[in-house]
Amino acid sequence: MHIQFAELPVFDQDRAKAFYTGHLACQLIADQPMGDSGWRWIELAFPHAVTNLHFVRRADSAPSAEPVLVLVDDNVEATTATLKARGVEIVTEPQEAPWQPGRTVAEFRDSEGNRMVLASR
């Protein structure tokens, strides 16, 4: 058993799709109309992941105060540096996780204001 996708609230689907494909190497799985509202079913796959990412319409204008996803990465420092060089907002620089000594974590915001954690394995 596995989780097929995690839902991520977004304001602008095209901007979010560009962020995740351009900055985090996600591959587009689906981009199909959903009814007459103009909203689309967009599903992305992270490299080597079982769980995909699906965009849902954000209910209000407030971005997340707490992290909404934890992304496990082989090199948190390098990925954080790459994101920073591309203009992505880094919330916390790489540091040891206070709850798990020996594990490196960093936080950033995506194009929609969602707060994300990058964590080492």
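Coordinates for the structure precede this section.
Quantities reported herein were computed from a predicted structural model and do not represent experimental measurements. (Residues numbered from 1 in each chain as written. Predicted model: local features only at pLDDT ≥ 70, side-chain atom pairs only at ≥ 80, totals over all residues. Heavy atoms only, no water.)

Engineer: Got a minute to help me understand helix α2 (residues 76-85) in this structure?
Structural biologist: For α2, the full list of buried residues reads Val76, Thr79, Thr80 and Leu83. Along the axis of α2, the buried residues cluster in a sector spanning 100 degrees; they form a single face. Lining the buried residues of α2 we find α1 (13-23), β6 (90-96), β7 (104-109) and β8 (115-119). Two residues or fewer past α2, Gly87 is found with a positive phi of approximately 90 degrees. (Buried < 20%, exposed > 50% of the residue type's maximum accessible area, 1.4 Å probe, protein only. Helix = DSSP H or I, 4+ residues; strand = E, 2+ residues; numbered from the N terminus. Arc of directions from axis to C-beta. Contact = heavy atoms within 4.5 Å.)

Engineer: What should I look at first to understand α1 in this one?
Structural biologist: Each full turn of the α-helix corresponds to 3.6 residues, which orients residues three or four apart in the same direction. Listing the buried residues of α1 in full gives Gln13, Ala16, Lys17, Phe19 and Tyr20. Down the axis, α1 shows its buried residues gathered within 160 degrees of arc, on one side only. Measuring from the side-chain oxygen of the N-cap residue of α1 to the backbone nitrogen of Asp14 gives 3.0 Å; that N-cap residue is Asp12. Positive phi shows up at Ala25, right after α1, with a value of about 60 degrees. (Polar contact = N/O pair within 3.5 Å; in protein donor to acceptor, adjacent residues only side chain to side chain.)

Engineer: I tried to follow the sheet that holds strand β5 (residues 67-72) on my own but got confused; where do I start?
Structural biologist: Sheet strands associate in pairs through backbone hydrogen bonding, adopting either a parallel or an antiparallel arrangement. Here we have four strands laid out as an open sheet, ordered β5-β8-β7-β6, and mixed in their pairing. Of all strands in the sheet, those with a lone pairing partner are β5 and β6, marking the two edges. For this sheet, the mean angle separating the axes of adjacent strands, direction not counted, is 15 degrees. The strands that α2 touches are β6, β7 and β8; relative to β6, the one it contacts most, it runs at about 160 degrees. (Pairing = 2+ DSSP bridges. Axes fitted to C-alpha atoms, helices over the stretch in contact; angles between N-to-C directions.)

Engineer: Is there a simple way to explain the sheet that holds strand β1 (residues 5-10) in this structure?
Structural biologist: The four strands lie next to each other as β1-β4-β3-β2, forming an open sheet whose pairing is mixed. Strands at the two margins of the open sheet, each flanked by one partner only, are β1 and β2 (27-33). The average undirected angle you get between the axes of adjacent strands in this sheet is 25 degrees. Relative to strand β3 (residues 40-45), β2 runs antiparallel, the two being bridged by six bridges. Bridge pairing in β3 places Gln32 opposite Trp41.

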